[in-house]
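# Fold and geometry: a report
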Amino acid sequence: MTVLFGTSIPVGPAAAVAVSAGRTPAAAATQRPSEGSVHSWDLSTGVDGPGTRFVTFLAGCPLTCLYCHNPDTMKMRNGRRTSADDVIAEARKYTRFIAAAGGGVTVSGGEPLLQPVFAGELLHRMKHDLGLHTALDTSGFLGARATDALLRDVDLVLLDIKSWDRETYERLTGRPLEPTLDFARRLADLGKEVHLRFVLVPGLTDARENIEGVAAFAGTLGNVSRVDVLPFHKLGESKWEALGLEFTLHDTPSPTPEQVAEAKAVFAAQGLKSV
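First, a word on scope: everything that follows refers to the structure included in this document. None of the values given here were measured: they were computed from a predicted structure.

This part is about the pairing of strand E8 (residues 156-160). Judged by how many residues are buried, E8 sits mostly within the fold: five of five residues are covered. Burial of the side chains of E8 extends over both faces: Leu156, Leu158 and Asp160 are buried on one face and Val157 and Leu159 on the other. Sheet topology note: the strand E7 (residues 133-138)/E8 ladder contains four bridges and is parallel. Considered in E8, the bridge of threonine 138 is made with leucine 159. Here E8 runs beside strand E9 (residues 194-200); their pairing, made up of four bridges, is parallel. Bridged to valine 157 within E9 is valine 194.

The next point concerns the side chain of serine 37. In this structure, serine 37 sits in strand E3 (residues 35-45). By relative accessible area, serine 37 is classed as buried at 3%. Those residues within four positions of serine 37 in sequence are excluded, and the remaining contacts are Leu58, Ala59, Met76, Gly79, Arg80, Arg81 and Gln115.

On to the layout of surface pockets, then. When its volume is computed, the largest pocket comes out at roughly 880 Å³. Every residue lining the largest pocket is counted, 37 residues in all, and those nearest its centre are His69, Asn70, Asp137, Asp160 and Arg197. Grouping the amino acids of the lining of the largest pocket by side-chain chemistry returns 15 nonpolar, 13 polar and nine charged.

Another point: the environment of glutamate 170. Within the secondary structure layout, glutamate 170 lies in helix H6 (residues 166-173). Residue class for glutamate 170 comes out partly exposed when judged on its relative accessible area of 44%. Along the backbone, glutamate 170 and leucine 63 are 107 residues apart, and their C-alpha atoms lie at a distance of 9.4 Å. If near-sequence neighbours (up to four positions away) are discounted, glutamate 170 is found in contact with Arg175 and Pro176.

Calculation criteria
Residues numbered from 1 in each chain as written. Predicted model: local features only at pLDDT ≥ 70, side-chain atom pairs only at ≥ 80, totals over all residues. Heavy atoms only, no water. Buried < 20%, exposed > 50% of the residue type's maximum accessible area, 1.4 Å probe, protein only. Helix = DSSP H or I, 4+ residues; strand = E, 2+ residues; numbered from the N terminus. Pairing = 2+ DSSP bridges. Contact = heavy atoms within 4.5 Å. 1 Å grid on protein atoms, 1.4 Å probe; cavity = no way out; pocket = protein on both sides within 12 Å on 5 of 7 lines; lining within 4 Å. Points joined across faces, edges and corners; volume = space filled by probe spheres on them. Nonpolar A, V, L, I, M, F, W, Y, C, P; charged D, E, K, R; others polar.

What follows is the structure, encoded as structure tokens:
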């Protein structure tokens, strides 16, 4: 027996393939999963997509980013088994306010595509039941788990490309870069709007050729409407310490305003709006 991420339905190998493709076993072919591991939810403005947004943070992530500011979301066991009904009921409280503020909902993490079926249910219901703009916040590493049906319920993808240099990417995340690039190309083929995110880390990702590589790639896609150049910070360091984990970037400084401006200029040179 196998229990898929984001669902409490036990399935065998054949049924597992069906569920990962966005279908449930025959006995429950029309029933979406009802529970997933949720770390928390919150309201945010201008950070997790346009306008004021209801953000659901799913627990669990396959990456181990050195600068992760929410290391408490890395493990699925750090979340709480929560029903989709409960998440939707909470989001429903704010729908009028969110809609009036030109916002929407964002499914984030952790990595939401670690629980693709549950994430897909939330996006579907938030879009169709609540009528809200939807965003998926992802590293793209598990993009192959996002079915076309899931992506049809996504209005915007917030996609992290953390480095162009492959060795630096693996050092930062513990994972290879290529799956993220494959997902980015797939989103471009689908014409799905993307806000690209790039964290500027002095001594790691700030080499000009590295930034130019990310910018040149993004410039070829045709669906990147915005680039967020995010200055590295250490606001999550206390969380690492509380979890008994070593924060190896303790001595790394935040980039200067001039360094951030230079990075934005590289993206602008590719015709990309950077903020």
